[in-house]
Amino acid sequence: YRFFGEPVVEACVENGASCIDISGEPQFLEGMYLKYNEKAAEKGVYIIGSCGFDSIPADMGVLYTRDKLKGTLTAVESFLTVKSGPEGSCIHDGTWKSAVYGLADQDKLRKLRKKIGYAPVPVVGAKLKRRGLAFYNQEFKEYSIPFMGSDVSVVKRSQRYLHTVLHETPVQYGAYVNVGGLGSVIKLMFAGILFLLLVKFSFGRKLLTKYPEFFSAGRFTKKGPTQKQMDGTSFTMTFFGEGYSEGQDPQNGKPNIKICTEVKGPEPGYVATPIAMVQAALSLLEDAACLPKKGGVYSPGAAFSKTKLIDRLNQRGVEFSVISKPEV
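Because the structure is predicted, anything quoted here is derived from the model rather than measured. Residue indices begin from 1 for each chain and proceed along its sequence in written order. Note on the predicted model: pLDDT of at least 70 is required for a residue's local features to be given, and 80 or more for side-chain atom pairs to be given and counted; whole-chain, interface and lining totals, by contrast, use all residues. Computation of side-chain values covers all heavy atoms of the structure but excludes hydrogens and water.

A. Structural detail: the packing of aromatic side chains. Any two of the Phe, Tyr and Trp rings considered here, Trp counted by its six-membered ring, make a pair once their centres fall within 6.5 Å; the pair's planes then place it as stacked at under 30 degrees, edge-to-face at over 60, or tilted in between. Tallied over the full model, the rule gives 18 aromatic pairs. Taken together, a centroid distance of 5.4 Å and an interplanar angle of 40° make the contact between Tyr 1 and Phe 28 tilted. In this pair, Tyr 1 is assigned in the segment before α1 (6–15) and Phe 28 in helix α2 (residues 26–43), connecting sequence segments 27 residues apart. Summary of the burial criterion: residues with accessible area below 20% of their type's maximum are buried, those above 50% are exposed, and those between are partly exposed, where the area comes from a 1.4 Å probe applied to protein chains only. Residue Tyr 1 is classed as partly exposed on the basis of its relative accessible area, which comes to 35%. When the ring of Phe 140 is compared with that of Phe 240, the centres are 6.1 Å apart and the planes differ by 75°; the resulting orientation is edge-to-face. One end of the pair, Phe 140, is in the loop between β5 (135–137) and β6 (142–146); the other, Phe 240, is in strand β9 (residues 234–245), and 100 residues separate them in sequence. In this structure Phe 140 comes out as partly exposed when scored by relative accessible area, which is 24%. These aromatic residues form a ring-pair network of at least three members: Phe 79, Phe 135, Phe 140, Tyr 176 and Phe 240. Strands here are runs of E lasting at least two residues and helices are runs of H or I lasting at least four, both read from the DSSP assignment and numbered beginning at the N terminus.

Structure follows, in structure tokens:
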């Protein structure tokens, strides 16, 4: 999307067509907001990014958790687990390239955000602590690391919109991925350090994009997964939410209520992503009365919070459910 996405958005806005994409690149998503939000609003069209695995499970998962809590949800952490069958799993190198160029351009993203001039999202309730680069997770009995995708930035944009426009209580959010035992963590640390060193130089970026299989230990390939690999792969995203029961003031004291929900579905990249995108498009067409009043560039949570998108996804195999009921 960084290289080829903008002409599509521009053409849609100019010709009065709404547009959905499956980008997981914050720089592209937020750049389109800066350049086209006002024009899209004038034309009455909706430009909705990140409608794939990045980031519908996370963004709609936070809203689902909020709606299932009887009280005020103030913070959520999500943990992604990807299970693969005997054939293993791999990811197409397009995702790898997005990561390479995204990390190389972090300064540009910071400048872009300064230009947009986002209003800070207020912290309601106890501040959500950021966890370390790797930690042992008692809930899953394995190690977890921060999720490097666009989910946190997308959820934050949704929460900012829902707070500033609809005056809803903003939810703090942290995203993590479960990686297995200590051996996996050590391998990932070494790979991560090498990646960060190489990504700083154009020569290093060339190497990383030319040999994704080598530098990712076979995780990313130019061919992408086989049909057997896709059939054997699934994901679960587990959300741990905390907040304040009805009648409790979130500005006073510690959270006194918890909830656990999950979103689970088939292989994320090639099976869950098209399901999410098509159902988002149907919500755009069929739930028009429930969309934000005016057009613009939106994140999924901002655009679809009042639509039937979650019901649609549930019927298509991307399932949202409550694991443990809120307990005071």
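B. Geometry of the sheet that holds strand β11 (residues 296–298). Across the sheet, 3 strands lie side by side as β1-β2-β11; this open sheet has parallel pairing. Looking at which strands have only one partner, the edges of the open sheet turn out to be β1 (19–20) and β11. Sheet analysis places strand β2 (residues 46–48) next to β11, joined by 3 bridges and oriented parallel. For Tyr 46, the partnering residue across the bridge sits in β11 and is Gly 296. Most of the contacts of α2 go to β11, to which it runs at about 145°, and overall it touches β2 and β11. Only strands that DSSP links by at least two bridges are regarded as paired with each other. Throughout, a residue-residue contact means that at least one pair of heavy atoms, one from each residue, lies within 4.5 Å. Axis lines are fitted through C-alpha atoms, for helices just across the contact stretch, and the angle between N-to-C directions can take any value from 0 to 180 degrees.

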